[in-house]
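This is what each chain is made of:
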Amino acid sequence: MGIFHRYGSTIHGNYRRAYLRCGLLAGALLSAYMLVRLLMGKPIPSPTNYVCDAILLVAVFLFTAYYRNSLPEKKITLKEAMLFGIGTAILAALVYGVVLWIGGILAPQQTVVFTHNMMEKEITTQDPQLHYWALFWALVAVVEMAVLGSFGAFVASIIFRNEKSEIKQHKK
C-alpha cells in the first residue's frame, strides 16, 4: 500500500464549493440546450449527442481554468484539478438527467424521439409506459455524461496543473 501514500499533495482552495457552483452552471447549460430545442419544436435526437458532449467538455475545461486562476498564487495540483473536474462533471450530469427526466414526462414527444432514434422502437405519446422510458433515457444520459465529463476532467487536470506533489521518502 506504499504507492498510495507516496505523494503529499496540497489542496489550495475550496474545490467542493467551486464544483457545486460550476456543476450547477454546466448542468443548466446542458438543460438550456435541450429546453430551447424542445421549445423550437425540434427535440434533440438523443440524450447524449455531439452538441451536449461539446458543451460539457468545454464547460469542464473552462471551469477548471477559472478555478485554477481563482486560487491563491494560481497553483493547482493534479489531484485538486481532478477532484474539481470530476465533481463538476458528475453534478452537471445529474442536473441534466433530472431536467431530461422531467422534460421527458412533461413533453412526451421528446421521449418518443429518443426511443425511436435510439431503440428503433415505435411508440406514441399515449404509451402507458412513457414515463419509464423518460427515466431510462435520463439514467443513460447521466451515466454517459458523467463518464465523458470525468475523462474531460482528467485531460483538463493534466493540462492545467502547474504544481507537482512532493514525493514522500520512507525510511526503513
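The notes below deal with the structure included here. Predicted model, so just to flag it, every value in this text is computed and none were measured.

Section: the overall build of the chain
In step 1: Along the chain, the regular secondary structure elements total five helices and two strands.
In step 2: Going from N to C terminus, the chain has its helices and strands arranged as β-α-α-α-α-α-β.
In step 3: Buried positions account for 40% of the 172 residues belonging to the chain.
In step 4: Restricting the contact set of the chain to residue pairs at least 6 apart, pairs at least 24 apart contribute 79%.
In step 5: Accessible area for the chain stands at about 10200 Å²; split by element, carbon and sulfur atoms hold 66% of it.

Topic: the packing of helix α3 (residues 78-106) against helix α4 (residues 108-119)
In step 1: The N-to-C vectors of α3 and α4 enclose an angle of 105 degrees; their axes lie 4 Å apart at closest approach. Compared by their axis directions, α3 and α4 come out roughly perpendicular. Within the contact between the two elements, α3 uses L100, G104, I105 and L106 and α4 uses P108, T111 and F114.
In step 2: For the contact of α3 with α4, the per-class residue count stands at five nonpolar, two polar and no charged.

With respect to the packing of aromatic side chains
In step 1: Scanning the entire structure with this criterion turns up seven aromatic pairs.
In step 2: Considering the side-chain rings of Y67 and F84, the 4.7 Å spacing of their centres and the 10 degrees angle between planes classify their relative orientation as stacked. Placement of Y67 in helix α2 (residues 50-70) and of F84 in helix α3 is noted, with a sequence separation of 17 residues between them. For the pair formed by Y67 and F84, the shared burial category is buried.

Section: helix α1 (residues 15-39)
In step 1: For α1, with 25 residues, the first-to-last C-alpha span of 35 Å sits near the 36 Å given by 1.5 Å per residue.
In step 2: By the burial criterion, the buried members of α1 are Y15, A18, C22, G23, A26, G27, L30, S31, Y33, M34 and L38.
In step 3: Contacts made by the buried residues of α1 are with α2, α3, α4 and α5 (130-160).
In step 4: Just beyond α1, the residue with positive phi is G41, at close to 85 degrees.

Description of the environment of F114
In step 1: Checked against the element boundaries, F114 lands in helix α4.
In step 2: Measuring from C-alpha to C-alpha, the distance between F114 and T48 comes to 9.9 Å, with 66 residues separating the pair along the chain.
In step 3: Setting aside anything within four residues of it in sequence, one finds F114 in contact with I44, P45, S46, P47, L100, M119 and W137.

Reading the values: the criteria
Residues numbered from 1 in each chain as written. Predicted model: local features only at pLDDT ≥ 70, side-chain atom pairs only at ≥ 80, totals over all residues. Heavy atoms only, no water. Helix = DSSP H or I, 4+ residues; strand = E, 2+ residues; numbered from the N terminus. Buried < 20%, exposed > 50% of the residue type's maximum accessible area, 1.4 Å probe, protein only. Contact = heavy atoms within 4.5 Å. Areas by Shrake-Rupley, 256 points an atom, 1.4 Å probe, with all protein chains shown as cover. Axes fitted to C-alpha atoms, helices over the stretch in contact; angles between N-to-C directions. Parallel < 35°, antiparallel > 145°, perpendicular 65-115°, else oblique. Nonpolar A, V, L, I, M, F, W, Y, C, P; charged D, E, K, R; others polar. Phe/Tyr/Trp six-rings, centres within 6.5 Å; stacked < 30°, edge-to-face > 60°. Expected span 1.5 Å × (residues − 1).

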